[in-house]
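Descriptive structure summary
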Amino acid sequence: MIKNALITGATSGIGAAFARQLGEKGYNLYITGRRREIIEKLAQEIREKHNVAVEVIIADFTNESEIDCLLEKITSVDIEFLVNNVGFGHEKKFLDDSYENQRKMIEAHIESFCKITHLVAGKMKKTKKGQIINVSSLAAFTPAAFNHLYSSTKSFIITFSEALYIELYPLGINVQVLCPGFTKSDFHRSLKIQEKTFENRGLIRWMTSEEVVRLSLNSVDKRGGIFIPGWSNKILYTIIKALPRKLYYVMARYMKM
Ligand SMILES: NC(=O)c1ccc[n+]([C@@H]2O[C@H](COP(=O)([O-])OP(=O)(O)OC[C@H]3O[C@@H](n4cnc5c(N)ncnc54)[C@H](OP(=O)(O)O)[C@@H]3O)[C@@H](O)[C@H]2O)c1
């Protein structure tokens, strides 16, 4: 039986790796992005390589009417695999930027994310089948002065996904909330962060998007809830969770996080 997967933010990085690997598993794909030329090229590559149908949906997740158009396009489709992956960082700190600009992250990481999940997971609940991967970040556990809304919206994604997992697991639907650490993709390039930042230092070990996705997909059948890919990220997560909060605040200030 043909199965459908919806992957948001599949133009590059982690989303593109999900598209390639789910295409390889035989899923027909609905993939979203804004950079049309790049995502169309990816769609064609996957069609040719894996002989599956790939539909591209261009949508800006900070624009409510574009999200409504996306929902209209998928409303009659049975999606068996949902990957909520759209995400971006901010160049400016919360108080140094206009609220209008900062608000876009709430729109994309929370509003649009919830709207899509409500439609797709709602249908999965009725049919009692499906799998969901929501992409958060290790940054959800490390609030930082340059990153107010990024850490907090990613933290929302974790809490929301855990609640969804608790609800849907008894029906046979697994919900994983994927928390990658340092991952090579267009994410840092779009923030104009220099290539040399991508060097490994101590526990900072850069992973490829392909590695992150392979580990995530290997785990999603077995268990849901929080999933941290890679040994260095797992150690970092354990250290962060064990640190007394007051000590974390001092360290974050000292390290100018
Ligand atoms: N890279 C890391 O170190 C890292 C670490 C932890 C978590 N993450 C998370 O992983 C996810 C994927 O990021 P990535 O690292 O793969 O970065 P990426 O290569 O920049 O991919 C981001 C994807 O999201 C889409 N996107 C961004 N803003 C959008 C908007 N306003 N409307 C619609 N689509 C939008 C992009 O599409 P277009 O470019 O076509 O708009 C692209 O497909 C994100 O949620 C990110 O927060 C990344």
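Just above, that's the structure.
These remarks concern the structure in this document. Worth saying up front: this structure is predicted, and the values here are computed from it rather than measured.

Let's shift gears to the pairing of strand β1 (residues 4-7). Of the two faces of β1, the one lined by Asn4 and Leu6 and the one lined by Ala5 and Ile7 are each fully buried. Where β1 lies against strand β2 (residues 28-33), 4 bridges are found, and the strand directions are parallel. Its bridge partner being in β2, asparagine 4 is matched across the sheet by asparagine 28. Crossover β1 to β2 through helix α1 (residues 13-24) is right-handed. Note: β1 against strand β4 (residues 81-84), 3 bridges, orientation parallel. Bridge pairing in β4 links alanine 5 to phenylalanine 81.

For the rest of this paragraph, the subject is the side chain of serine 136. Mapped onto the secondary structure, serine 136 falls in the loop between β5 (131-135) and α5 (148-168). In terms of polar contacts, serine 136 uses its side chain to reach the backbone carbonyl oxygen of lysine 154, at 2.8 Å. Setting aside residues no more than four positions away along its own chain, serine 136 makes contact with Lys154, Ile157, Ile158, Val177, Leu178, Cys179 and Pro180.

Moving on, we get to the packing of aromatic side chains. Counted under the stated rule, the structure contains 9 aromatic pairs. Ring geometry for tyrosine 27 and phenylalanine 81: centres 5.6 Å apart, planes at 85 degrees, overall edge-to-face. Here tyrosine 27, found in the loop between α1 and β2, pairs with phenylalanine 81, found in strand β4; they are 54 residues apart in sequence, far enough to count as distant. The buried category is assigned to tyrosine 27, whose relative accessible area is 10%. Aromatic rings pair up to connect Phe113, Phe156 and Phe160 into one cluster.

All right, on to the site of the ligand then. Around the ligand, the surrounding shell holds 30 residues, and the nearest of these are Thr11, Arg34, Arg35, Tyr150 and Ser185. Take glycine 181: an N or O atom from its main chain is 3.3 Å from an oxygen atom of the ligand. One nitrogen or oxygen atom from the main chain of phenylalanine 187 is found 3.2 Å from an oxygen atom belonging to the ligand. Surface burial for the ligand is 95%, taken as the share of its 880 Å² of free accessible area covered by protein chains. Those elements giving two or more residues to the shell around the ligand turn out to be α1, α5 and α6 (187-190).

Together, Leu247, Met251, Tyr254 and Met255 give the surface a local cluster of nonpolar side chains, amounting to about 460 Å² of exposed area. For methionine 251, a relative accessible area of 33% translates into the label partly exposed.

Let us look at empty space enclosed by the protein. Within this structure, the stated rule accounts for 3 cavities of 30 Å³ or more. In this structure, the largest cavity spans a volume of roughly 60 Å³. Broken down by element, the residue count for the lining of the largest cavity peaks at 4 residues, all from helix α4 (residues 99-127). Around the second largest cavity sit Ile74, Val77, Asp78, Ile79, Leu119, Val120 and Lys123, which together line it. Per-element tally for the lining of the second largest cavity: the top contributor is α4, with 3 residues.

About the criteria used
Throughout, a residue's number is its position along its own chain's written sequence, starting from 1. Per-residue local features are limited, in this predicted model, to residues with pLDDT of at least 70; the limit for side-chain atom pairs, both in listing and counting, is 80 or more; totals at the level of whole chains, interfaces and linings are taken over all residues. To obtain the side-chain values, all non-hydrogen atoms of the structure were included, while hydrogens and water were left out. The buried label goes to any residue with under 20% of its type's maximum accessible area, the exposed label to any with over 50%, and the partly exposed label to all in between, with areas taken from a 1.4 Å probe on protein chains only. Numbering goes from the N terminus for both helices and strands, where a helix is a DSSP run of H or I of at least four residues and a strand is a run of E of at least two. Any two strands between which DSSP finds at least two bridges are classified as paired. Crossovers are described as right-handed under a simple rule: with the strands pointing away from the observer, the path leading from the first strand over the helix to the second runs clockwise. Polar contact is the term for a pair of N or O atoms within 3.5 Å; when the atoms are in protein, one must be able to donate a hydrogen and the other to accept it, and sequence-neighboring residues count only if both atoms are side-chain atoms. Only heavy atoms matter for contacts: two residues are in contact if any of them lie within 4.5 Å across the pair. What counts as a ring pair is set by centres within 6.5 Å for rings of Phe, Tyr and Trp (its six-membered ring), and what kind of pair is set by the plane angle: stacked under 30 degrees, edge-to-face over 60, tilted for all other angles. Think of it this way: one heavy atom of a residue within 4 Å of a molecule or strand is enough to make that residue near it. To measure how exposed things are, a 1.4 Å probe is used in the Shrake-Rupley method; for residues, cover is taken only from the protein chains shown. Put simply, a patch holds well-exposed residues, over 30% relative accessible area, that have no salt bridge, with like charges counted together within 9 Å and Val, Leu, Ile, Met, Phe, Trp or Tyr side chains within 5 Å. Take a side-chain nitrogen of Lys or Arg and a carboxyl oxygen of Asp or Glu: if they are within 4 Å of each other, that pair is a salt bridge. With a 1 Å grid spanning the protein atoms alone, the term cavity applies to any set of points in which a 1.4 Å probe fits but cannot get out, the term pocket to an open set with protein on both sides within 12 Å along at least five of seven lines, and the term lining residue to any residue with an atom within 4 Å of a point. Grid points are joined across faces, edges and corners, and a volume is the space filled by probe spheres set on the points.

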